[in-house]
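Next come the chains, spelled out residue by residue.
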Amino acid sequence: MSDFEWDPETYLALMAEEIPDYPRLQTEVAAAAATGAPASILDLGIGSGLTAQRVLEALPEAELLGIDASSEMLAAAEATLNPERTELRMGRLEEPLPDGPFDLVMSTLAVHHLSGSGKADLFVRIAAVLEPGGRFVLGDLVVPADPADVVTPIDWIDDTPSSLDEQLTWFAEAGLTTHVHWQHRDLAVVVAEKQS
C-alpha cells in the first residue's frame, strides 16, 4: 500500500464521483453486518467511520474496534462515532490483527489495496480472530467477469482488486463458508462465516 493520505473533508465527494454505487455499497455492507446481532466488531480500514456508524445504529448493544492506516481518517472517525462504544487504533491490514475473538469483522473499500497473496493471508488471519459462528463482511471492488462492468477508475498500483471467484477460493482456503450478499458491476458484498 502507498502512503497516500485520504482527506476526510473530500472523501464522500470523491467516493460519490468515482464509485457511483457507493451509497448502495454502504447500505448493503451495513445490512449484512447487522444480521445476527454481533456484539463485538472489528472494522478493518474504518476510514471516516460512516459505514461503522450505520452498523452501530442498527446494533445498539455492539462495541466496535476500528483500525486504519490514516491518522486523518481516524480523527474523522473519532468525530463521527460514539466513544463509549468505539475504540480506534492506527494499523495496516498487513499487520497482526487484534486478538479478538470478534463476532464480526467488516471491511469496506480497503482490502482491494492488497495483492492477491495479501488478501489470501488476510482472510486466514481474519478467520483466526473470529468467534465460531462469527462472520466477515467484505464490501469492495472486484474485477468483474465482463470488462464493460468496470466503472470505478483504478490505477493497478494502489488499487489491485481481484476477481470475486479468486476471493471466494481464498475464503474457502481460510476455512470460511461464503455467500455473495450483493453484487453490481465492479462492486460486491461477500459474507464469509466461520463454522461453529
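No experiment lies behind these values; they were computed from the predicted model shown. (Residues numbered from 1 in each chain as written. Predicted model: local features only at pLDDT ≥ 70, side-chain atom pairs only at ≥ 80, totals over all residues. Heavy atoms only, no water.)

### Description of the UniProt feature "domain: Methyltransferase" (unreviewed entry) in the protein chain
Residues annotated by UniProt as "domain: Methyltransferase" (unreviewed entry) correspond here to residues 41-134. The span residues 41-134 is 35% helix and 29% strand, and its two end C-alpha atoms sit 10 Å from each other. (UniProt positions renumbered as here; feature names shortened; annotations may be inferred. Helix = DSSP H or I, 4+ residues; strand = E, 2+ residues; numbered from the N terminus.)

### As for the sheet that holds strand β1 (residues 40-44)
Sheets are built from strands that pair by backbone hydrogen bonding, the pairs being arranged parallel or antiparallel. Judged by pairing direction, the sheet is mixed, and its seven strands sit side by side in the order β3-β2-β1-β4-β5-β7-β6 without closing on themselves. With one partner strand each, in any of the chains shown, β3 (86-90) and β6 (176-184) form the two edges of the open sheet. In this sheet, neighbouring strand axes are inclined to one another by 15° on average, regardless of whether the strands run parallel or antiparallel. The pairing of strand β2 (residues 63-68) with β3 spans five bridges and is parallel. (Pairing = 2+ DSSP bridges. Axes fitted to C-alpha atoms, helices over the stretch in contact; angles between N-to-C directions.)

### Quick word on the nonpolar core
Leu44, Val105, Leu122, Phe123, Ile126, Phe136 and Phe171 are the most contacted members of the largest nonpolar core, which totals 29 residues. Those elements that place two or more of their residues in this core are β1, β2, β4 (102-108), α5 (116-129), β5 (130-141), α6 (164-173) and β7 (187-194). Setting aside chain neighbours within four positions, we find Phe171 in contact with Phe123, Phe136, Leu138, Leu176, Thr178, Val190 and Ala192. Leu56, Ala62, Met106 and Trp182 belong to the second largest nonpolar core, which has 27 residues in total. (Core = buried A, V, L, I, M, F, W, Y, C linked by side-chain atoms within 4.5 Å. Buried < 20%, exposed > 50% of the residue type's maximum accessible area, 1.4 Å probe, protein only. Contact = heavy atoms within 4.5 Å.)

### With respect to the packing of helix α2 (residues 22-34) against helix α3 (residues 50-58)
Interhelical geometry of α2 versus α3 gives an angle of 40° and a closest axis separation of 9 Å. Overall, the two elements α2 and α3 adopt an arrangement that is oblique. Judged by the twist between their axes, the crossing of α2 over α3 is right-handed. Each of Tyr22, Pro23, Gln26, Thr27, Val29, Ala30, Ala33 and Ala34 in α2 lies in contact with α3, whose residues at this interface are Leu50, Thr51, Arg54, Val55 and Ala58. Partitioned by chemical class, the residues of the contact of α2 with α3 number nine nonpolar, three polar and one charged. (Parallel < 35°, antiparallel > 145°, perpendicular 65-115°, else oblique. Left-handed = near helix turned anticlockwise from the far one by under 90°. Nonpolar A, V, L, I, M, F, W, Y, C, P; charged D, E, K, R; others polar.)

### Considerations on the packing of α5 against α6
Contact pair α5 / α6: the axes reach a minimum separation of 8 Å and the direction vectors enclose 35°. As α5 runs across α6, the sense of the crossing is right-handed. Taking contact as the criterion, the partners of Gly116, Lys119, Ala120 and Phe123 in α5 are, on α6, Gln167, Trp170 and Phe171. Its residues assigned to classes, the contact of α5 with α6 shows four nonpolar, two polar and one charged.

### What to know about the packing of aromatic side chains
Using the criterion set out here, one finds three aromatic pairs in the structure. Where Phe123 meets Phe136, the ring centres are 6.0 Å apart and the plane angle is 50°; that geometry is what we call tilted. Residue Phe123 is located in helix α5, and its partner Phe136 is located in strand β5; the two are separated by 13 residues in the primary sequence. A residue is classified by how much of its surface remains accessible, and Phe123, at 0% relative accessible area, is buried. Among the aromatic residues, those joined into a ring-pair cluster are Phe123, Phe136 and Phe171. (Phe/Tyr/Trp six-rings, centres within 6.5 Å; stacked < 30°, edge-to-face > 60°.)

### Here we look at α5
The end-to-end C-alpha distance of α5 is 21 Å, a good match for the 20 Å that 14 residues give at a rise of 1.5 Å each. On its buried side, α5 packs onto β1, β4, β5, α6, β6 and β7. (Expected span 1.5 Å × (residues − 1).)

### A short note on α2
With 13 residues, α2 extends 18 Å between its outermost C-alpha atoms, agreeing within 8% with the 18 Å of an ideal straight helix rising 1.5 Å per residue. When α2 is considered as a whole, its buried residues turn out to be Tyr22, Leu25, Gln26, Glu28, Val29, Ala30, Ala32 and Ala33.

### Observations regarding the environment of Gly91
With respect to the helices and strands, Gly91 occurs in the loop between β3 and β4. Under the relative-accessibility criterion, Gly91 is labelled buried at 9%. Every residue in contact with Gly91, bar those within four places of it in the chain, is listed here: Ile67, Asp68 and Ala69.

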